[in-house]
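Chains, contacts and geometry: an overview
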Amino acid sequence: MNTFYFIAFLSVFFSILVITAKNPVHSILYLILTFFTFTIHYILLNAQFLAIVNFIVYMGAILVLFLYTLMLMNLNKESEQPKSNLVKIAAVIGGGCFLVTIIASIRALGISDPVILKDPNLGLVKNLGKTLFNEYLLPFEVSSVLLLSAMVGAVLLATKDPKTTV
């Protein structure tokens, strides 16, 4: 249980650093650390498939895309236009509403009983594979053919026809 609280503290700490970082590249790096702590939470909850998907998809693909996008953008403070007073007032009102929501949710928080899994093999990849390839084989194959046709269509649209070029 102490491991859970330590990782939860790290998750909250890194998420606060994401918001408060001045440099957007540092903010994305803190977001990677936040998602890594989420992956550790999934492993603690015996959900290995979600841990691997979170690690590969979010940390490996989406955040790298964010990082490259930010590095390619020209973020000069001189070219940034000043914010109007209406935008500042809207930001204060939105932040106040968020604060009220957080306070109300903390007040409504109660102590719950610990969750005890009746089946220790609940989140294993082996059980997901058995269900996916037994009960849902046809929808799985249809979606794979659909994705394959979308990939072929994207490649055909991206290639230029040599006859039309001048």
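Scroll up to find the structure this text is about.
First things first, this report covers the structure right here in the doc.

Thresholds, definitions, all that
- Residues numbered from 1 in each chain as written.
- Predicted model: local features only at pLDDT ≥ 70, side-chain atom pairs only at ≥ 80, totals over all residues.
- Heavy atoms only, no water.
- Helix = DSSP H or I, 4+ residues; strand = E, 2+ residues; numbered from the N terminus.
- Rg over C-alpha atoms; globule rule 2.2 N^0.38 Å.
- Buried < 20%, exposed > 50% of the residue type's maximum accessible area, 1.4 Å probe, protein only.
- Contact = heavy atoms within 4.5 Å.
- Areas by Shrake-Rupley, 256 points an atom, 1.4 Å probe, with all protein chains shown as cover.
- Lys, Arg positive; Asp, Glu negative; His and termini not counted.
- Charge placed at Lys NZ, Arg CZ, Asp CG, Glu CD.
- Axes fitted to C-alpha atoms, helices over the stretch in contact; angles between N-to-C directions.
- Parallel < 35°, antiparallel > 145°, perpendicular 65-115°, else oblique.
- Left-handed = near helix turned anticlockwise from the far one by under 90°.
- Nonpolar A, V, L, I, M, F, W, Y, C, P; charged D, E, K, R; others polar.
- 1 Å grid on protein atoms, 1.4 Å probe; cavity = no way out; pocket = protein on both sides within 12 Å on 5 of 7 lines; lining within 4 Å.
- Points joined across faces, edges and corners; volume = space filled by probe spheres on them.
- Expected span 1.5 Å × (residues − 1).
- Phe/Tyr/Trp six-rings, centres within 6.5 Å; stacked < 30°, edge-to-face > 60°.

Right, let's talk about the overall build of the chain for a bit. In terms of regular secondary structure, the chain is built from six helices and zero strands. Mapped from its N terminus to its C terminus, the chain presents α and β elements in the order α-α-α-α-α-α. In terms of C-alpha radius of gyration, the chain reaches 23 Å, well past the compact-globule figure of 15 Å for 166 residues. With the C-alpha coordinates of the chain rotated into their principal frame, the extents come out at 65 × 60 × 25 Å. Considering the chain as a whole, with its 166 residues, one finds that 12% of them fall into the buried category. Counting only contacts in the chain whose residues sit at least 6 apart along the sequence, the fraction spanning at least 24 positions is 54%. Carbon together with sulfur atoms contributes 73% to the accessible area of the chain, which is approximately 13900 Å² in total. Measuring between centres, the 10 positive side-chain charges of the chain sit 9 Å from its 7 negative side-chain charges.

The N-to-C vectors of helix α1 (residues 2-20) and helix α2 (residues 24-44) enclose an angle of 160 degrees; their axes lie 8 Å apart at closest approach. Classed by the angle they form, the pair α1 and α2 counts as roughly antiparallel. Classified by chirality, the crossing of α2 by α1 is left-handed. Of α2, the residues touching α1 (which contributes T3, F4, I7, A8, L10, S11, F14, S15, L17 and V18) are S27, Y30, L31, L33, T34, T37, F38, I40, H41 and L44. Of the residues belonging to the contact of α1 with α2, the class tally is 13 nonpolar, seven polar and no charged.

With a probe scaled to a water molecule rolled over the atoms, the places where space remains empty come into view. Of the pockets and cavities examined, the largest pocket occupies roughly 650 Å³. Along the wall of the largest pocket there are 16 residues; nearest its centre are M1, F4, L45, P114 and V115. With three residues, the top contributor of residues to the lining of the largest pocket is α1. Residues that form the lining of the largest pocket fall into these classes: 10 nonpolar, five polar and one charged.

All right, on to α2 then. Over its 21 residues, α2 runs 30 Å from end to end, which matches the ideal 30 Å to within 8%, given 1.5 Å per residue. The set of residues buried in α2 consists of S27, I28, T34, F35, T37, T39 and H41. On the buried face of α2, the contacting elements are α1 and α3 (48-72). Following α2 by one or two positions, N46 adopts a phi angle in the positive range, close to 65 degrees.

For the rest of this paragraph, the subject is the side chain of T39. By the element assignment, T39 lies in helix α2. Classification of T39 as buried rests on a relative accessible area of 6%. Aside from chain neighbours lying at most four places away, what touches T39 is A51, N54, F55 and M59.

So, on to the packing of aromatic side chains. The final tally for this structure, using the stated rule, is six aromatic pairs. Arranged with centres 5.4 Å apart and planes meeting at 40 degrees, the rings of F35 and Y58 form a pair that is tilted. Here F35, found in helix α2, pairs with Y58, found in helix α3; they are 23 residues apart in sequence, far enough to count as distant. Relative accessible area serves as the criterion here: at 38%, Y58 is assigned to the partly exposed category. Summarising the aromatic geometry, the rings of F133 and F140 are spaced 5.1 Å apart at their centres and angled 90 degrees between planes, so their arrangement reads as edge-to-face. On the accessibility criterion, F133 (43% relative accessible area) is partly exposed. Taken together, the ring pairs connect F9, F13 and F14 into an aromatic cluster.

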